[in-house]
Each structure stands twice: as structure tokens, then as C-alpha cells.
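Residue-level listing of the chains:
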Amino acid sequence: MSRRLFSTLIDRHNRVHDYLRISLTEKCNLRCHYCMPAEGVPLSEKILTADEIYRLASIFHKLGVTKVRLTGGEPLVRKDLIPIVQHLSTLFKQIGITTNGSLLSRKLPKLTESGLTHLNISLDSLVPAKNEFITRRSGTTAPVLQAISQSIELGLSTKLNVVAMRNFNDDEFADFAEMTRDKDIDVRFIEFMPFDQNDWKSKKFIP
């Protein structure tokens, strides 16, 4: 008896799933305290090729998936990101990327032309010194703010992800909310999650 693909993905709770996330790489150009130790972590050399990503996406498209989000690590470190987005745009009308934004501005116009529609950008403080501390990298604030403005100007659906940390950025929550008054942007506060070697402390945690 021949096998056939189901037309939709439905779980045991009868929920239809039409959204796919694909991790493009484990690599990242930052070393955020809540994400990994300063020296980094061992990385796998086995990652999906562009052809494998498109093949996988094609299968899920046949199963009813209509939206795809590219994540990492930091997806912008992949040199073939633009052609990947171009190929996926032949399948999906909604393509998103989750990024730290530090490498985004230069590639954003071409990504938009290639079919990018949604962006989730991480920024944990509007104070440059705080960002340099949390990312362990200098000059990380201005490029991200530039990319946020550019994303809005290009008409992309833009969300800002802020990891909430007590006595670090909790005094800036109103400032982040203020950004949404005049800008077409959503700000989301993300829970600081504990895992090995990520500098998690209960006194920093905001439930």
C-alpha cells in the first residue's frame, strides 16, 4: 500500500500547526551572558545545507505549513542566507528571521527583496554600556537600533525581544514600551531561563 502525506499537521489536542522554525547554525558572533559562557560552547559541524533546508521546507509545505522562521545561533553569520530566503520565498509568503541584529543593517534591503517579511530582533538594553556588558562585545547598540529603524521603514513586521533581568534592565521597561508609541513595533519581555553555564542567578530572575 502506498504512503501518502497528510494534508495538515494536527496534534493530539486537535491543534493545526502551520508554522516551522529552522535553525541554520549554532554559531553566533556574540557571547551573551544569559546564552553561553565567554569562551563559547562546542559546536557541531553537522548543519543543514541550503539544499537540505529547501527539501525539508518543501515537505512541510506539503503538510500545510504556511510560515517559516529562520533561527540560530545567529542566522546572519551564514553566507548563504540570502539565497536560502530566496528559495524559501517560492514556498512561503511569510518568512521570518530571529537575530541579534548586529549584522543585519547591511543585508536587510537584499533580504527584504528576497522575500523576508518578519523580524524578531534581540536587544536587552537601550544603554550602550549595558549591552556591551551583556553581549561581551563593544559597539553592539547602534547597529541594532539602526536595523530596527530600517526594518520599520522597509515595512517588515518587527518585534523586539528583551530578556528581563532584575537590577539590570528592569528600570528600562517603560523606555522600551515608549518605543511602541510612535513606531510600528512590538516589544516582548522574555523570561531569563536557567541552563548550564549561562550565568543564571535567582536574584536576576523576574517571573
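Here, the structure is the one placed above.
Residues numbered from 1 in each chain as written. Predicted model: local features only at pLDDT ≥ 70, side-chain atom pairs only at ≥ 80, totals over all residues. Heavy atoms only, no water.

**Student:** It is not clear to me how the overall build of the protein should be interpreted in this structure. Could you clarify?
**Tutor:** Within the protein, the regular secondary structure consists of six helices and eight strands. Each helix and strand of the protein, ordered N terminal to C terminal, gives the series β-β-β-α-β-α-β-α-β-α-α-β-α-β. Scaling as 2.2 N^0.38, a compact globule of 207 residues should have a C-alpha radius of gyration of about 17 Å, and the protein matches this with 18 Å. Summarising its shape, the C-alpha atoms of the protein cover approximately 60 × 40 × 35 Å along the three principal directions. Burial statistics for the protein: of 207 residues in total, 40% are counted as buried. The long-range fraction of contacts in the protein, counting pairs at least 24 apart against all pairs at least 6 apart in sequence, stands at 72%. Counting only carbon and sulfur atoms, one obtains 53% of the accessible surface of the protein, whose full area is about 12,200 Å². If you average the places of the 29 positive and of the 24 negative side-chain charges in the protein, the two averages end up 7 Å apart. (Helix = DSSP H or I, 4+ residues; strand = E, 2+ residues; numbered from the N terminus. Rg over C-alpha atoms; globule rule 2.2 N^0.38 Å. Buried < 20%, exposed > 50% of the residue type's maximum accessible area, 1.4 Å probe, protein only. Contact = heavy atoms within 4.5 Å. Areas by Shrake-Rupley, 256 points an atom, 1.4 Å probe, with all protein chains shown as cover. Lys, Arg positive; Asp, Glu negative; His and termini not counted. Charge placed at Lys NZ, Arg CZ, Asp CG, Glu CD.)

**Student:** Explanation requested: the packing of aromatic side chains in the structure shown.
**Tutor:** Two aromatic rings, taken as a pair, are described by how far apart their centres are and by the angle between their planes. Under the defined criterion, the tally for this structure stands at four aromatic pairs. When the centroid spacing of 6.4 Å and the interplanar angle of 75° are considered together, the rings of Y34 and F192 count as edge-to-face. Taken together, the positions of Y34 in the loop between β3 (19-23) and α1 (50-62) and F192 in the segment after β8 (186-191) put the pair 158 residues apart, joining distant regions of the chain. Among the residues examined, F192 registers a relative accessible area of 2% and is labelled buried. Measuring from centroid to centroid gives 4.6 Å for F173 and F189, while their planes differ by 50°, and the two rings are tilted. Remark: F189 occurs in strand β8 and F173 occurs in helix α6 (residues 173-182); sequence separation between them is 16 residues. Under the relative-accessibility criterion, F173 is labelled partly exposed at 23%. Overall, F189 belongs to the partly exposed group, its relative accessible area being 38%. Counting every residue linked through ring pairs, the aromatic cluster contains F173, F176 and F189. Stacked on the ring of F168, the Lys or Arg K130 has its end atom at 5.8 Å from the ring centre. (Phe/Tyr/Trp six-rings, centres within 6.5 Å; stacked < 30°, edge-to-face > 60°. Lys NZ or Arg CZ within 6 Å of the ring centre and 35° of its normal.)

**Student:** What is the right way to look at the sheet that holds strand β6 (residues 118-122) in this model?
**Tutor:** To summarise the sheet geometry, strands pair through backbone hydrogen bonds and adopt either a parallel or an antiparallel arrangement. In space, the six strands of this open sheet follow the order β3-β4-β5-β6-β7-β8, with parallel pairing throughout. The outermost strands of the open sheet, each flanked by one partner alone, are β3 and β8. The average angle at which neighbouring strand axes cross in this sheet is 20°, direction not considered. (Pairing = 2+ DSSP bridges. Axes fitted to C-alpha atoms, helices over the stretch in contact; angles between N-to-C directions.)

**Student:** How should α1 be read in this particular structure?
**Tutor:** Residues spaced three or four apart along an α-helix face the same direction, because each turn holds 3.6 residues. The end-to-end C-alpha distance of α1 is 19 Å, a good match for the 18 Å that 13 residues give at a rise of 1.5 Å each. I53, A57 and S58 are the residues of α1 that are buried. Projected down its long axis, α1 shows its buried positions confined to an angular sector of 135°, all on one face. Residues of α1 that are exposed and point over 90 degrees away from its buried face: D51, R55 and K62. (Expected span 1.5 Å × (residues − 1). Arc of directions from axis to C-beta.)

**Student:** Sorry, what's going on with the state of the cysteines here?
**Tutor:** Enumeration according to the criterion identifies zero disulfides in this entry. Looking at the unpaired C32, the closest cysteine sulfur is the one in C35, lying at 6.3 Å. With relative accessibility at 12%, the residue C32 sits in the buried group. (Disulfide = S-S within 2.5 Å.)

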